[in-house]
Amino acid sequence: MSKPDEVKSQSLVSDLSGLSVLVVDDSLASLKIMQNMAESLGLEVELAEDGVEALDKVRHADQAGTPYRIVFTDWKMPNMNGIDLCRQIKSDTSLNTPPKVVIVTAYDNDMLNHIGNVQLDGHLPKPVLFAGLRDVTMAALGHKEQKPITGKRDPGLEMVKAIRGANILLVEDNIVNQQVATELLEHARLNVTVADNGQVAAEKVKKEAFDAVLMDVQMPVMDGYAATREIRKEPQFKELPIIAMTANAMMGDREKSLQAGMTDHVSKPIVPRELFGALARWIAPGEREVPKIIDEEIPGMEEPVTGTPLELPGFDVENTLARMGGSHDVYRKILAKFVESEEGGI
């Protein structure tokens, strides 16, 4: 029997069926992801690749008597960014039925510092999750926003709960990056195999079964692009999720990664929520065996990892902890491994 809150939620979602929305993003991959999620809510979706095109579509739809109810727009875009698009829509007195505007961005805090006096109707963090899209949609339409995940559980780890035990191939040549990513993934009860260049990765994929590959793009011997093309040559690996890992400063790598055959993209330095969101998006949920080495109650799944607060003069502990999923234990392990790796080299 459904609980009252569940019935109410289902009723609200049914109210979304057939509502017209516009999704705006300069990334074709992001457009497709958002389109699939919005359509699964029953929304009628149209797409635009930048703010200029979006504004033209908003005006045309309004004049035709079929206005969009919501515009979901990426923030950082060429020609006209999402905040400027919102400003244009809000100030356009010719619109009979102005749409609500929701900013979709991986840079929440930075974006909030740039909105000025622009009145957003909501903002949605990337990577976009179905529940988040549902909630922000209903909130923008005036429904009471559903409560976010609360309590002691780490929402980042909650994302990958359904894929625990999945086999991940981590392709990374930097030993510190290897350590950070491995600790985070194992902390989430995922199996990790490491390859330190693309050639090793291509060989491992042919010998072992993986649920996803996390692929650095800049590596010696064989880079991530070449490795992905090599893997995709084999028909059985056409659908294998290969997720690029690139530095924020190299935004051109995003489209280059997709052109090389990669499935998705996450930024470096690693943001746990972004990393876990990408894995949860592309790995099929299911019951998997968790190896005994990590088949134990993981701190943070039932209560937050705290431990003795770290005090490291000269280190940005708070920001670094955020990239460790809030785990002091993981931070300590990585520091210890880093010190061990540098012994004799200082």
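See above for the structure.
Conventions used here
- Residues numbered from 1 in each chain as written.
- Predicted model: local features only at pLDDT ≥ 70, side-chain atom pairs only at ≥ 80, totals over all residues.
- Heavy atoms only, no water.
- Pairing = 2+ DSSP bridges.
- Helix = DSSP H or I, 4+ residues; strand = E, 2+ residues; numbered from the N terminus.
- Axes fitted to C-alpha atoms, helices over the stretch in contact; angles between N-to-C directions.
- Contact = heavy atoms within 4.5 Å.
- Right-handed = clockwise from strand over helix to strand, strands pointing away.
- Core = buried A, V, L, I, M, F, W, Y, C linked by side-chain atoms within 4.5 Å.
- Buried < 20%, exposed > 50% of the residue type's maximum accessible area, 1.4 Å probe, protein only.
- Arc of directions from axis to C-beta.
- Polar contact = N/O pair within 3.5 Å; in protein donor to acceptor, adjacent residues only side chain to side chain.

Chemist: Even after reading the chapter, I still don't get the sheet that holds strand S8 (residues 212–216), so can you show me in this structure?
Modeler: In sheet architecture, strand pairing relies on hydrogen bonds along the backbone and comes in two forms, parallel and antiparallel. Taken in spatial order, the five strands line up as S7-S6-S8-S9-S10 in an open sheet, and their pairing is parallel. Two strands in the sheet have a free side with no partner beyond their single neighbour: strand S7 (191–195) and strand S10 (264–268). Along the sheet, successive strands turn relative to each other by an average axial angle of 25 degrees, direction set aside. Relative to S8, strand S6 (residues 167–171) runs parallel, the two sharing four bridges. Bridging across to S8, valine 171 finds its partner in methionine 215. Here helix H8 (residues 175–187) sits on the sheet and contacts S6, S7, S8 and S10; the angle it forms with S7, its principal contact strand, is near 165 degrees.

Chemist: Is there a simple way to think about the pairing of strand S2 (residues 44–48) in this case?
Modeler: Two faces belong to every sheet, and in a regular strand the side chains alternate between them. Direction of pairing for strand S1 (residues 20–24) relative to S2: parallel, over a ladder of five bridges. Note that in S2 the partner of valine 24 across the bridge is alanine 48. One crossover worth recording links S1 to the parallel S2 by way of helix H2 (residues 28–40), and it is right-handed.

Chemist: Help me understand the sheet that holds strand S5 (residues 122–125) in this model?
Modeler: The strand order S2-S1-S3-S4-S5 describes an open sheet built from five strands, whose pairing is parallel. Taken across any chain shown, the strands that pair with only one partner, and hence form the sheet edges, are S2 and S5. With strand direction ignored, the average angle separating the axes of adjacent strands in the sheet is 20 degrees. Packed onto the sheet, H2 meets S1, S2, strand S3 (70–74) and strand S4 (100–105) and runs at close to 165 degrees relative to S2.

Chemist: What exactly am I supposed to notice about the nonpolar core here?
Modeler: Note on soluble globular proteins: their nonpolar side chains tend to be buried together. Counting 25 residues, the largest nonpolar core has Ile168, Leu185, Leu190, Leu214 and Leu279 as the members making the most contacts within it. Those elements that provide at least two residues to this core are helix H7 (155–159), S6, H8, S8, strand S9 (242–247) and helix H12 (272–282). With sequence-adjacent residues up to four places away left out, leucine 214 is seen in contact with Ile168, Leu169, Leu170, Val171, Leu185, Ile243, Met245, Leu275 and Leu279. In this structure, Met34, Val45, Val104 and Ala140 belong to the second largest nonpolar core, which totals 22 residues.

Chemist: When you look at helix H10 (residues 224–232) in this model, what are you seeing that I'm missing?
Modeler: Given 3.6 residues to a turn, an α-helix orients residues that are three or four positions apart in the same direction. All of the buried residues in H10 are Gly224, Tyr225, Ala227, Thr228, Ile231 and Arg232. End-on, the buried residues of H10 take up no more than an arc of 165 degrees, which puts them together on one face. Between a side-chain oxygen at the N-terminus of H10 and the backbone nitrogen of tyrosine 225 the separation is 3.1 Å; the capping residue is aspartate 223.

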